[in-house]
Amino acid sequence: MRIHIGTDHAGLEFSQTLQRHLREAGHEIVDHGPRDFDPLDDYPAFCINAAKGVVADQQAGRQSLGVVFGGSGNGEQIAANKVRGIRAALVWNKSTALLARQHNDANVIAIGARQHTVEEAISFIDTFIAEPFSFEERHVRRIAQIAEFEATCDIADRADRNIE
């Protein structure tokens, strides 16, 4: 599987270790940066480019997922989710990594490099990569609603029909 990775200075050392682990596991890695440590770099471009790589691969029929890192993972998740077609989930344990794939068909995960050990992050990523989407009807329906809103800025099944 191809794995797109994006980070910032806070996740750079994490990223390098994780890339080695993923390559050893047989995955193809696309590193969207940064290449060098810069304490003033900005994560959005790195994470957005990783997310764009996932979407391009998936549209081309290639198995692909993404992993983005930063100090907390929050901003990185937000940036990745700005890319149409991305469902990025912030994970903080193996259960959230598992559910991100099973229930949300997440195609990118965000991890806080300052929140976890590299061993924990590896276990989250390995869990995420190994777990397939469940294809349960309720999850398919919910993902379709998100995609509908993403495409049209409207959603037919709003809980409160008075919201404009």
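A brief report on the enclosed structure follows.

Each helix and strand counted, the chain has six helices and five strands in total. Secondary structure elements of the chain occur, N-terminal to C-terminal, as β-α-β-α-β-α-β-α-β-α-α. Its C-alpha atoms give the chain a radius of gyration of 16 Å, near enough to 15 Å, the size a compact globule of 164 residues would have. Projected onto its principal axes, the C-alpha positions of the chain cover 50 × 30 × 30 Å. The burial tally for the chain puts 45% of its 164 residues in the buried class.

What follows is about the nonpolar core. In this structure, I3, F69, I111, I125 and F128 are the most contacted members of the largest nonpolar core, which totals 23 residues. At the level of elements, β1 (2-6), α1 (12-24), β3 (64-70), α4 (94-102), β5 (108-112) and α5 (118-130) are the ones that each hand at least two residues to this core. Excluding residues that lie within four positions of it along the chain, I125 makes contacts with L18, L22, V67, F69, I109 and I111. C47, V55, V68 and V83 belong to the second-largest nonpolar core, a separate cluster that totals 13 residues.

This part takes up the environment of I111. Note that I111 resides in strand β5. Considering only alpha carbons, one finds I111 and Q77, 34 residues apart in sequence, at a separation of 8.4 Å. Residues contacting I111, with those up to four places away along its chain left out, are V68, F69, G70, S72, G73, V91, H116, A121, F124 and I125.

In this structure, P34 follows G33 across a cis peptide bond, with omega equal to 5 degrees. Inspection of the secondary structure puts P34 in the loop between β2 (28-31) and α2 (43-59). Residues other than glycine seldom take positive phi values, yet D105 does so here, at roughly 45 degrees. Positioned with a positive phi, C153 is a non-glycine residue whose angle comes to about 60 degrees. For C153, the position within the fold is in the segment after α6 (137-152). Residue classification places C153 among the exposed residues on the basis of a relative accessible area of 61%.

Reading the values: the criteria
Residues numbered from 1 in each chain as written. Predicted model: local features only at pLDDT ≥ 70, side-chain atom pairs only at ≥ 80, totals over all residues. Heavy atoms only, no water. Helix = DSSP H or I, 4+ residues; strand = E, 2+ residues; numbered from the N terminus. Rg over C-alpha atoms; globule rule 2.2 N^0.38 Å. Buried < 20%, exposed > 50% of the residue type's maximum accessible area, 1.4 Å probe, protein only. Core = buried A, V, L, I, M, F, W, Y, C linked by side-chain atoms within 4.5 Å. Contact = heavy atoms within 4.5 Å.

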